[in-house]
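# Topology and contacts: notes
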Amino acid sequence: MKTFAYDRARDVAGAVAGFGPGTMYLGGGTNLVDLMRLGVAEPEHLVDVSKLPLRAIEADGDGLRIGAAVRNSELAAHPAARERYPMLARAVLTGASGQVRNMATVGGNLLQRTRCPYFQDVTKACNKRRPGSGCPAIDGDHRNLAIIGHTSQCVATHPSDMAVALAALDARVHVTGPEGERVIAMPGLHRLPGSEPDRDTVLRPGELITAIRLPAPPPGASAYRKVRERASFAFALVSVAAALEVTGDGTVRDCRLALGGVAHAPWRARRAEEALTGQRAGEDAFRRAADAELADADPLPGNRYKVPMARNLIVAVLRELMPR
Ligand SMILES: Cc1cc2nc3c(=O)[nH]c(=O)nc-3n(C[C@H](O)[C@H](O)[C@H](O)COP(=O)(O)OP(=O)(O)OC[C@H]3O[C@@H](n4cnc5c(N)ncnc54)[C@H](O)[C@@H]3O)c2cc1C
Ligand code: SF4
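What follows concerns the site of ligand 2. Around ligand 2, 13 residues are found, and the nearest of them are Cys116, Cys126, Cys135, Cys154 and Val155. Here the shell around ligand 2 is built from residues that sort into 10 nonpolar, 2 polar and 1 charged.

Below you can see the structure in the form of structure tokens.
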């Protein structure tokens, strides 16, 4: 690992002021330190933001405000998250392991890097790590990679489960940077690869995530379901965050759907939402909605299985959310 300088920030202004060329913010370090050990990340200077006074989870009007330094385990266990935003609490709980969740912060979770095997191996080409060097995943190991929104430059997926729930919940990400504060709507923090796969997000240099704000919970029942290779300690092959409100006569009044494991960003399934809203809730309508969303899926030879997996998972989660 390369030598680097380390500072612990006391407040947000100090963290941002301390950010210069070669600097990276350090949350719990559960992703960044691994990448430093692998030689993928080589910061010259770390500004530790994990001890900033951003550890509160508090009511905010009819919503919830979550500080960026809140640990994943604290968020998953918080009564407001469990009772009012079960899809979020569940999404966080399906990620990593208890030990990792105790260290990992909300801000760091959103900004964790892809698990594409070539990105993590500095002996291989990778447009995300070294722009212009190529994307060996396209002809190589892309079994777990994207089926929607990818380009010939990059087929990586975003690994965060929490981000998928935040995309379905219309969360807002509050950031402070050298040019001041701004608010970024979810989905919208993460970008599709386009011709610049080295840019995961729309954040500008030095911007620090300070909080997540959730609006009031969506009406109806909600859930997060994740298909993975083993029951814990595994990233999503496909995941679905969903909320469904069905009226007394069986019509879908409101529907939220977001997918994980399928794209470079958490994927808000707006076509499916539109196809479903106003329809009679049931297996046929759920299947039509899933098909509408996946019509543009463009899998690679090794990840075609994800299309029926995503379709079946959408239908299964919606079925589970039907009123009994
Ligand atoms: C074995 C293993 C399995 C895992 N499985 C899953 C899984 O299934 N699902 C899942 O979602 N995650 C999973 N994770 C990832 C884990 O959730 C992330 O490592 C963790 O959330 C990152 O949080 P952190 O605070 O440690 O971030 P760090 O590693 O400290 O930082 C990550 C990135 O965020 C930046 N950063 C940190 N805080 C801020 C901030 N406030 N503002 C701006 N930039 C910031 C850093 O500069 C860095 O680029 C797994 C991790 C491991 C090690
Ligand atoms: S998919 Fe993206 S991250 Fe993976 S090798 Fe290609 S460019 Fe790199």
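Next comes the rest of the description.
Two numbers describe how helix 5 (residues 86–93) lies on helix 8 (residues 161–168): the axes approach to 7 Å, and their chain directions differ by 165°. Judged by the angle between their axes, helix 5 and helix 8 are roughly antiparallel. As for how helix 5 packs across helix 8, the hand of that crossing is right-handed. Here helix 5 contributes Met87, Leu88, Ala91 and Val92 to the contact with helix 8, which in turn contributes Asp161, Met162, Ala165, Leu166 and Ala168. Considering only residue class, the contact of helix 5 with helix 8 consists of 8 nonpolar, no polar and 1 charged.

Moving on to the nonpolar core. Grouped together as the largest cluster of nonpolar side chains are 50 residues, with contacts concentrated most on Ile66, Leu75, Leu88, Leu110, Ile212 and Leu214. For Leu88, the contacting residues outside a window of four places in its chain are Ile66, Leu75, Met162, Ala165, Leu166, Leu169 and Leu214. Grouped together as the second largest cluster of nonpolar side chains are 33 residues, Ile148, Ala272, Ala285 and Ala297 included.

Before going further, it helps to spend a moment on helix 8. Among the 8 residues that make up helix 8, 8 are buried, leaving the element largely enclosed by the rest of the structure. Listed in full, the buried residues belonging to helix 8 are Asp161, Met162, Ala163, Val164, Ala165, Leu166, Ala167 and Ala168. Capping the start of helix 8, Ser160 holds a side-chain oxygen 3.3 Å from the backbone nitrogen of Met162, two or three residues further along. Phi turns positive one or two residues past the end of helix 8, at Asp170, with a value near 60°.

With that settled, the discussion passes to the sheet that holds strand 1 (residues 5–8). Spatially, the 3 strands line up as an open sheet ordered 1-3-2, and their pairing is parallel. A strand with exactly one partner marks an edge of an open sheet, and here the two such strands are strand 1 and strand 2 (23–26). Each strand of the sheet is rotated relative to its neighbour by a mean of 25°, with strand direction disregarded. Strand direction decides the pairing type here: strand 1 and strand 3 (residues 45–48), joined by 4 bridges, are parallel. What sits directly across from Arg8, in strand 3, is Asp48.

The next thing to look at is the side chain of Thr157. Along the chain, the position of Thr157 falls in the loop between helix 7 (106–110) and helix 8. Using a relative accessible area of 11% as the deciding quantity, one classes Thr157 as buried. For Thr157, the contacting residues outside a window of four places in its chain are Thr114, Asn144, Leu145, Ala146, Gly261, Val262, Ala263, His264 and Lys306.

Another point: the sheet that holds strand 8 (residues 208–214). Reading across the sheet, the 5 strands line up as 4-5-8-6-7 and stay open at both edges, with antiparallel pairing between neighbours. Edge strands, defined here as strands with exactly one partner in the open sheet, are strand 4 (57–60) and strand 7 (180–185). The average undirected angle you get between the axes of adjacent strands in this sheet is 25°. Here strand 4 pairs with strand 5 (residues 63–67) via 4 bridges, running antiparallel. Looking across to strand 5, one finds that Asp60 is bridged to Gly63.

Close to ligand 1 lie 31 residues; Tyr25, Thr30, Leu32, Thr105 and Asp161 are nearest. Gly28 is positioned such that a nitrogen or oxygen atom in its backbone is 2.7 Å from an oxygen atom of ligand 1. Measuring from an oxygen atom of ligand 1, one finds a backbone N or O atom of Asn31 at 2.8 Å. Contact with the protein chains hides 92% of the accessible area of ligand 1, taken as 970 Å² for the molecule alone.

Reading the values: rules and limits
- Residues numbered from 1 in each chain as written.
- Chains lettered and ligands numbered in written order.
- Predicted model: local features only at pLDDT ≥ 70, side-chain atom pairs only at ≥ 80, totals over all residues.
- Heavy atoms only, no water.
- Near = heavy atom within 4 Å.
- Nonpolar A, V, L, I, M, F, W, Y, C, P; charged D, E, K, R; others polar.
- Axes fitted to C-alpha atoms, helices over the stretch in contact; angles between N-to-C directions.
- Helix = DSSP H or I, 4+ residues; strand = E, 2+ residues; numbered from the N terminus.
- Parallel < 35°, antiparallel > 145°, perpendicular 65-115°, else oblique.
- Left-handed = near helix turned anticlockwise from the far one by under 90°.
- Contact = heavy atoms within 4.5 Å.
- Core = buried A, V, L, I, M, F, W, Y, C linked by side-chain atoms within 4.5 Å.
- Buried < 20%, exposed > 50% of the residue type's maximum accessible area, 1.4 Å probe, protein only.
- Polar contact = N/O pair within 3.5 Å; in protein donor to acceptor, adjacent residues only side chain to side chain.
- Pairing = 2+ DSSP bridges.
- Areas by Shrake-Rupley, 256 points an atom, 1.4 Å probe, with all protein chains shown as cover.

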